[in-house]
Structure formats: structure tokens, C-alpha cells
Amino acid sequence: MSGERARILVVDDEKVIRDSCTRILTTEGHIVKSAEDGNIGLEVFREFHPDIVLVDLKMPGKSGMDILEEIEGSDPNVVKIVITGYATVSSAVDAMQRGAYDFIPKPFTPEEISLIVARGLERRRLFLESEALRVEQERIRRNMISLVSHELRAPLAATVQYLEVILGGMAGKISSEAKEMIDRCNIRIKELLELLSRWLNLATFDPDKMAEHFQDISLSNIATESIELLKPLAEEKKISLILEKPDDLPPIKGSKVSLGEIFNNVISNAIKYNKAGGWAKVKLYERDEEVWVEISDNGSGISEEHLQRIFDEFYRVDGRRNAPVKGSGLGLSIVKRLVEAHGGMIDAKSRFGEGTTFRISFPKFFQRQKEG
Ligand SMILES: Nc1ncnc2c1ncn2[C@@H]1O[C@H](COP(=O)(O)OP(=O)(O)OP(=O)(O)O)[C@@H](O)[C@H]1O
Ligand SMILES: [Mg+2]
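In this text the structure is predicted, and so the values were computed from the model without any measurement.

Asks: Before we go on, may I ask you to explain the pairing of strand 10 (residues 290-297) in this structure?
Replies: Regular strands place side chains that alternate from one sheet face to the opposite one. Judged by how many residues are buried, strand 10 sits mostly within the fold: 7 of 8 residues are covered. In the sheet, strand 9 (residues 279-287) pairs with strand 10 via 8 bridges, with the strands oriented antiparallel. Residue pairing across strands places Val282 opposite Ile295, the latter belonging to strand 10. Where strand 9 hands over to strand 10, the hairpin turn is made up of 2 residues, of which Asp288 adopts a positive phi near 50 degrees. As judged from the 8 bridges shared by strand 10 and strand 12 (residues 355-363), these two strands associate in the antiparallel manner. Bridge assignment links Asp297 to a residue of strand 12, and that residue is Thr356.

Asks: Is there a simple way to explain the side chain of Ser361 in this structure?
Replies: Looking at where Ser361 falls in the secondary structure, it is placed in strand 12. The exposure class assigned to Ser361 is buried, which follows from its relative accessible area of 4%.

Asks: Explain the environment of Leu9 to me, please; I cannot follow it from the model alone.
Replies: Summarising the element assignment, Leu9 is placed in strand 1 (residues 7-11). For Leu9, a relative accessible area of 0% gives the class buried. Sequence separation between Leu9 and Phe48 is 39 residues; the distance between their C-alpha atoms is 8.2 Å. With residues near it in sequence (within four places) discarded, Leu9 still touches Lys33, Ser34, Gly41, Val44, Phe45, Phe48, Pro50, Ile52, Val53 and Leu54.

Asks: Quick question: what am I supposed to make of helix 1 (residues 15-27) here?
Replies: Because each turn of an α-helix spans 3.6 residues, side chains separated by three or four positions end up pointing in the same direction. Spanning 13 residues, helix 1 covers 18 Å between terminal C-alpha atoms, matching the ideal 18 Å at 1.5 Å per step. Along helix 1, the residues classified as buried are Ile17, Arg18, Ser20, Cys21, Ile24 and Leu25. On its buried face, helix 1 is in contact with strand 1, strand 2 (31-35), strand 3 (52-56), strand 4 (79-84) and helix 5 (110-167). Where helix 1 ends, the next residue or the one after it, Gly29, has phi of about 100 degrees, a positive value.

Asks: Would you explain the layout of surface pockets in this entry?
Replies: Any empty space left between the atoms is revealed when a probe the size of a water molecule rolls over them. Looking at the largest pocket, its volume works out to about 1,400 Å³. Every residue lining the largest pocket is counted, 37 residues in all, and those nearest its centre are Arg316, Lys326, Gly327, Ser328 and Gly329. Residue assignment for the lining of the largest pocket shows that the elements contributing at least two residues are helix 6 (176-203), helix 9 (256-272), helix 11 (331-341) and strand 12. With 6 residues, helix 6 is the single largest residue contributor to the lining of the largest pocket.

Asks: Where do I start with the side chain of Asp297 in this structure?
Replies: Following the sequence through the fold, Asp297 ends up in strand 10. Here Asp297 sits buried without a salt bridge, and the closest side chain of opposite charge, Lys275, lies 7.1 Å off (N-O distance). Within the structure, the side chain of Asp297 is placed 2.8 Å from the backbone nitrogen of Gly299, a separation counted as a polar contact. Leave out the neighbours within four places in its chain, and Asp297 touches Ala270, Asn274, Trp279, Ala280, Glu354, Gly355 and Thr356.

Asks: Even after reading the chapter, I still don't get the sheet that holds strand 5 (residues 102-105), so can you show me in this structure?
Replies: Within a beta sheet, neighbouring strands are joined by backbone hydrogen bonds and run either parallel or antiparallel to one another. With parallel pairing, the 5 strands of this open sheet are ordered in space as 2-1-3-4-5. Edge positions in the sheet fall to strand 2 and strand 5, since each has one partner strand and no second. Taking the axes of each pair of neighbouring strands and ignoring which way they run, one obtains an average angle of 20 degrees across the sheet. Inspection of the sheet shows strand 3 paired to strand 4 by 5 bridges, in the parallel sense. Directly across from Ile52, in strand 4, lies its bridge partner Val79. Across the sheet, helix 1 is in contact with strand 1, strand 2, strand 3 and strand 4; its angle to strand 2 comes to roughly 175 degrees.

Asks: I tried to follow the pairing of strand 4 on my own but got confused; where do I start?
Replies: Burial of strand 4 is extensive: 6 of the 6 residues sit out of reach of the surface. In this fold, the crossover linking strand 3 to strand 4 by way of helix 3 (residues 64-74) has right-handed handedness. Sheet topology note: the strand 4/strand 5 ladder contains 4 bridges and is parallel. Each bridged residue has a counterpart across the sheet, and for Thr84 the counterpart in strand 5 is Pro105.

Asks: Could you clarify how one ought to interpret the nonpolar core in this entry?
Replies: Taken as a class, soluble globular proteins show a tendency for nonpolar side chains to be buried jointly. Ranked by internal contacts, the top residues of the largest apolar core, which has 58 residues, are Leu219, Phe263 and Phe362. A per-element tally of this core places helix 6 first, with 8 residues. Counting residues domain by domain, this core receives three or more from each of domain 2 (137-204) and domain 3 (209-363). Other than its neighbours up to four places away in sequence, Phe263 contacts Leu219, Ile222, Ala223, Ser226, Ser268, Val282, Leu284, Val293 and Ile295.

Conventions adopted
- Residues numbered from 1 in each chain as written.
- Chains lettered and ligands numbered in written order.
- Predicted model: local features only at pLDDT ≥ 70, side-chain atom pairs only at ≥ 80, totals over all residues.
- Heavy atoms only, no water.
- Buried < 20%, exposed > 50% of the residue type's maximum accessible area, 1.4 Å probe, protein only.
- Helix = DSSP H or I, 4+ residues; strand = E, 2+ residues; numbered from the N terminus.
- Pairing = 2+ DSSP bridges.
- Contact = heavy atoms within 4.5 Å.
- Expected span 1.5 Å × (residues − 1).
- 1 Å grid on protein atoms, 1.4 Å probe; cavity = no way out; pocket = protein on both sides within 12 Å on 5 of 7 lines; lining within 4 Å.
- Points joined across faces, edges and corners; volume = space filled by probe spheres on them.
- Lys, Arg positive; Asp, Glu negative; His and termini not counted.
- Salt bridge = Lys/Arg side-chain N within 4 Å of Asp/Glu carboxyl O.
- Polar contact = N/O pair within 3.5 Å; in protein donor to acceptor, adjacent residues only side chain to side chain.
- Axes fitted to C-alpha atoms, helices over the stretch in contact; angles between N-to-C directions.
- Right-handed = clockwise from strand over helix to strand, strands pointing away.
- Core = buried A, V, L, I, M, F, W, Y, C linked by side-chain atoms within 4.5 Å.
- Domains from an automatic or database assignment.

Put into C-alpha cells, the structure is as follows:
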């Protein structure tokens, strides 16, 4: 599509309709091709790469609905408009469900067809813009991945090795002051390396691959293990950890490691963003076809404006470098990806100053549908 000059394909068995569409739309500066039946229409479609296709629903041979479906399957971003002699609501709805954008009943005036095509073109422009944006985002993401893994991680890892050689005394004697400073450098660089690995894992995460290793998992066990792991942190911050679960919670399909990561991240937040004497509670229950996890706390809470963004990569409510509670802002974005890879959903409710509740649901019988 260049400027407002579009490529338009008209598929209709009635010659007068093909001719009148061609005349009206060519006059407006568009490039128009037409076909008298479905098979020819699809052939032209493949070679012509139209922006818009106008399809008659009722034709002998291949039906308009079949054509819609095939076009939708090969390029959903092509705008499809249905021409219908019997403008019943049900046939129009049916066509919309198969990807049609709009419909025009026969007979129509030149103004009507112009208007509907103009609307379709606007739609096509938005499709193309969002597609271009998606491609650009993907390009940036790939560049970031290669920058992080090669240009950043490799030299940092090499630096750590040198520092360890120096700290080990293999490069000669160093003063205790120097040793202390190099030690601190070493720790900081290792933290940075850890952050880069977490981000890389997130950016290159492949849900299909993870789903290949799904097995029956008891969330009761995962919750118990996670609480056990975080007990020292909770004790240090004087937070009590509570687990509420039925004895007969059914298993879900999932990855043990990833489910553990979900619980660890959310429970550690409930401890980190809390005050001495506070509590963090994990509640598990079954409802219909799902197992639900509620992780709540009576900690700092999150105000509405921040709450919408906590699942964004690197987002922290207190984003200052010297924020009292340390973190990278990656935890919840990782959690969200992992929950979704299990076919689940996560949301958060919070009241500033009172506490926060994360609710996660997992389907009991999840079968991943491969995309594309
Ligand atoms: N239970 C909670 N109570 C209050 N604030 C929370 C809670 N959980 C998350 N937050 C807020 O959401 C932000 C994002 O959380 P997230 O777990 O993604 O990152 P983080 O904890 O800052 O770092 P990381 O988990 O990567 O170490 C946190 O910085 C915090 O401000
Ligand atoms: Mg966190």
C-alpha cells in the first residue's frame, strides 16, 4: 500500500458487480483486479498480494466463506470485505467470525462502496503499522540479546576471573585494603552477571520447549518447599509465613523448577516489601477446572498507578539506585511469563499501606497448543 493507492481484489460471479467495483475503485486511484470465481480468486490473491479483498458470499463452486477462511489462514492482515446479496445478520456474523472486517449488501451505490473501502484501507494501514512496530521490537530484542550475551557478559566473566586470580594471591601480594576493594568489585560484578543471566533467560524463554517436559506436579509440595527455602529470609525480617491448603489438592501439569520459581519470587516479594511483625500467607484451593494460589501479605501495598506496571520488565515502585529494598524489577515479569506458559493467569490487588494479594490460577489439564 503506497499512500492511499491500494491493491484491491474483487471476487464475484456477477460481471456487473466486478465491472462497477473496478470502475469506481480505479477512478479513485486504486489498482484493481477481479476474478469470477473462488478458485481463480485465490490464484490471483497469491500473485497480486492485495491490501483488500471484496468477496461475494454466494457464488457457484468455491464459496465466499471458504475463500475468506483461506485468505485469513495465509495472511490475516489482508482486509476482507464481504459482498452479500442476502444481507442476513447470521451470514454477516458468520463471515465476521471467519475474519471478515465488514460487509456490504447488494445492490450498493458508488458512495457506499467507496466509503466501505476507505474504512477498510484505514484498517489495513493500522495493521501494517502495528506489524512494522512488532518487527522493529523484535529486531531491538534480538540486538539486545546479542549485546548482552556477547558484548557484556563475556568481558564481565573474564574480569571476574582476573579478580579471582588477584584475590587468590596468584598475581603477587596485595594489601588488605586492596583485597577488600577487589572483593567488593567482584561481588558487584557477579550480581550484574546474575542480572544479565536472568534477563537473558527471560528474553530467550521458549514456552513450547518448557511444555515438552511438563509432568504432574503437586502445588502443595512446591508451596511447602518454597516456604522452607524462604524461612531464613522471613525470620531475619520477623515475618511469619502461613500456608493454608486442603489435603486433597489435585496436581497440575507443569515444570517443577518453573513453578518453584513462581512461588519463590512472589513469596519473597511478600517478605521483602513488608515490615517487622508482618505476615505472608499462601493459600491453595481448587475451583472447577483450576487450582488457585493466593499469596497475600500485610506489607507496604502498591498504589494504583504503580500496580498496573509491576509485571513490566525492570519496573520497581521505588526505582532509586539506593532504594532500601534491593531488586532488579525482573521477578514479576518472569513470574508472569512462567504462569502463562502453564496456561494460567496472574493478577494483583493491593491497597497502599495495607497489603497486597497475588492471585494465580492454573488449569488442571493444560495442553499447550503450538503457535504458528
Ligand atoms: N508483595 C508486594 N508488596 C509491595 N510491593 C510489591 C510486592 N511485590 C512486588 N512489589 C513491587 O513491585 C516491584 C516489582 O517486583 P519484582 O518482583 O518484579 O521486582 P523486584 O522485587 O524489585 O526485583 P527482583 O524480584 O527481580 O529481585 C517491586 O520493586 C515492588 O516495588
Ligand atoms: Mg521480586
